[in-house]
Amino acid sequence: MGQHQGDCPGAINVVMLGPPGAGKGTQAERLSRTRKLPKISTGDILREAVQAGTDVGRAAKETMEAGNLIGDDIMIAIVQDRLDRADARCGFVLDGFPRTVVQAMALDRMVDGRGPLVVLDMVVPEDVLVRRLATRRICSTCGSNAAPDWTRACGKCGGRLVTRVDDGIDIVRERLKVYQRQTKPLVEYYGARRSFTSIDGNRPPDVVTAAVDAALDAAHEGSARGVTL
Ligand code: AP5
Ligand code: MG
């Protein structure tokens, strides 16, 4: 893969990998803030499309509510479009993409020549994932995960807190199966790369954030020294 980075010498492209509930969204949001990189969450993009009733949203609704994956062609087109926007030119944080080997191969083509791809795999035991998703509330207006101290309303926009439609226990079990079958193979796809880091996500959020930061610093340093990631 090409490592030349055009007019963005420090560009870092991050992929947050991991099962449902691993903390991809939580950590991607923090990274986006601290590293000033756009957070591109395919789950959020799809949920917004469902809410807005667009063609993509109408096509995706049932599949998402069943815990299955949307087709590769649609997802690849959505991400390609998003990465073509100016704010992603010098790096981005992807949350929830790629989720299949076909998507990962497409992403490799998309980022060729745009700087290294740093893959952070969040590892959390299944019983913890199930517990997290069973208790999660999100804002019905802005989609944010509720923080523990938001008891009544969203702390960002005041919206009503609700259960995410795919967080029912049966759907969570299906999502975990889908992860094992279709997304876990990406650990092998990326595992041999120098830029792949496995992160223990079963620790308090700030501890996980410190590990994510350290992995990115190491990637930055390697990239600056010209090490092929
Ligand atoms: P998506 O929205 O990506 O859902 P997901 O992968 O199932 O993951 P979650 O968003 O549930 O969990 P997360 O890892 O982001 O964890 P979070 O930080 O929220 O996808 C939804 C659907 O869209 C898919 O099922 C599919 O249908 C479709 N889709 C999306 N992308 C697709 C693609 N590329 N291809 C095909 N289809 C696609 O944390 C979870 C909870 O845990 C929160 O309550 C949080 O506060 C808490 N938490 C986080 N970190 C910690 C911690 N360290 N300790 C304790 N609690 C924590
Ligand atoms: Mg998420």
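Here, the structure is the one placed above.
Residues numbered from 1 in each chain as written. Chains lettered and ligands numbered in written order. Predicted model: local features only at pLDDT ≥ 70, side-chain atom pairs only at ≥ 80, totals over all residues. Heavy atoms only, no water.

Asks: Can you walk me through the overall build of the chain in this structure?
Replies: In terms of regular secondary structure, the chain is built from nine helices and seven strands. For 229 residues, the compact-globule formula gives about 17 Å, and the C-alpha radius of gyration of the chain, at 17 Å, lands near that figure. Looking at the 229 residues of the chain, the share that counts as buried comes to 45%. Long-range contacts, defined as pairs at least 24 residues apart, comprise 73% of the intrachain contacts of the chain with a sequence gap of at least 6. Averaged over its 32 positive side-chain charges, the chain has a centre that lies 4 Å from the centre of its 29 negative ones. (Helix = DSSP H or I, 4+ residues; strand = E, 2+ residues; numbered from the N terminus. Rg over C-alpha atoms; globule rule 2.2 N^0.38 Å. Buried < 20%, exposed > 50% of the residue type's maximum accessible area, 1.4 Å probe, protein only. Contact = heavy atoms within 4.5 Å. Lys, Arg positive; Asp, Glu negative; His and termini not counted. Charge placed at Lys NZ, Arg CZ, Asp CG, Glu CD.)

Asks: Where do I start with the site of ligand 1 in this structure?
Replies: In the vicinity of ligand 1 lie 32 residues, with Thr26, Asn68, Arg99, Arg136 and Arg175 positioned nearest. The separation between an oxygen atom of ligand 1 and a polar side-chain atom of Thr26 is 2.5 Å. The contact in question runs from an oxygen atom of ligand 1 to an N or O atom on the side chain of Arg164, over 3.0 Å. The protein chains hide 90% of the 1,000 Å² of surface that ligand 1 would expose on its own. Of all the secondary-structure elements, those providing two or more residues to the shell around ligand 1 are helix H1 (24–35), helix H2 (42–52) and helix H6 (126–135). Here the shell around ligand 1 is composed, by residue class, of twelve nonpolar, eleven polar and nine charged. (Near = heavy atom within 4 Å. Polar contact = N/O pair within 3.5 Å; in protein donor to acceptor, adjacent residues only side chain to side chain. Areas by Shrake-Rupley, 256 points an atom, 1.4 Å probe, with all protein chains shown as cover. Nonpolar A, V, L, I, M, F, W, Y, C, P; charged D, E, K, R; others polar.)

Asks: I tried to follow the pattern of salt bridges on my own but got confused; where do I start?
Replies: Once the charged atoms of two side chains with opposite charge are near each other, the side chains can pair. Considering all chains together, one arrives at 16 salt bridges under this definition. With its nearest N and O atoms 3.0 Å apart, the salt bridge here joins Arg35 to Asp217. Within this pair, whereas Arg35 is found in helix H1, its partner Asp217 is found in helix H9 (residues 205–224), the two being separated by 182 residues in sequence. Assessed through its relative accessible area of 22%, Arg35 is described here as partly exposed. When the shortest N-O distance is used, the salt bridge between Arg136 and Asp167 registers 2.8 Å. Remark: Asp167 occurs in the loop between strand S6 (161–162) and helix H7 (169–183) and Arg136 occurs in the loop between H6 and strand S5 (138–139); sequence separation between them is 31 residues. (Salt bridge = Lys/Arg side-chain N within 4 Å of Asp/Glu carboxyl O.)

Asks: Help me out: how do you make sense of the packing of aromatic side chains in this one?
Replies: Two measures describe an aromatic ring pair: the distance that separates the ring centres and the angle between the ring planes. In this structure the tally under the stated criterion is one aromatic pair. Seen in terms of ring centroids, Tyr189 and Tyr190 are 5.0 Å apart; in terms of plane orientation they differ by 85°. Their pairing is edge-to-face. Given the relative accessible area of 26%, Tyr189 is considered partly exposed. Taking the relative accessible area as the measure of exposure, Tyr190 reaches 0% and is therefore buried. (Phe/Tyr/Trp six-rings, centres within 6.5 Å; stacked < 30°, edge-to-face > 60°.)

Asks: Help me understand the side chain of Ser41, please; the structure alone is not making it clear to me.
Replies: Take Ser41: it is sitting in strand S2 (residues 39–41). Residue Ser41 is classed as buried on the basis of its relative accessible area of 5%. At 3.1 Å, the side chain of Ser41 forms a polar contact with the backbone nitrogen of Asp44. A polar contact is formed between the side chain of Ser41 and the side chain of Asp95, at a distance of 3.2 Å.

Asks: In this structure, what is going on with the sheet that holds strand S4 (residues 117–123)? I would like to understand it.
Replies: Adjacent strands of a sheet form backbone hydrogen bonds with each other and so pair up, either parallel or antiparallel. If you walk across this open sheet you meet the five strands as S2-S3-S1-S4-S7, and the pairing is parallel. Each having just a single partner strand, S2 and strand S7 (196–200) make up the two edges of the open sheet. Each neighbouring strand pair of the sheet contributes to a mean axis angle of 20°, computed without reference to strand direction. In this sheet, strand S3 (residues 91–95) lies alongside strand S1 (residues 12–17) in parallel orientation, the contact comprising five bridges. Across the sheet, Asn13 pairs through a bridge with Phe92, a residue of S3. (Pairing = 2+ DSSP bridges. Axes fitted to C-alpha atoms, helices over the stretch in contact; angles between N-to-C directions.)

Spatial relationships are all this shows, so hold off on functional conclusions.
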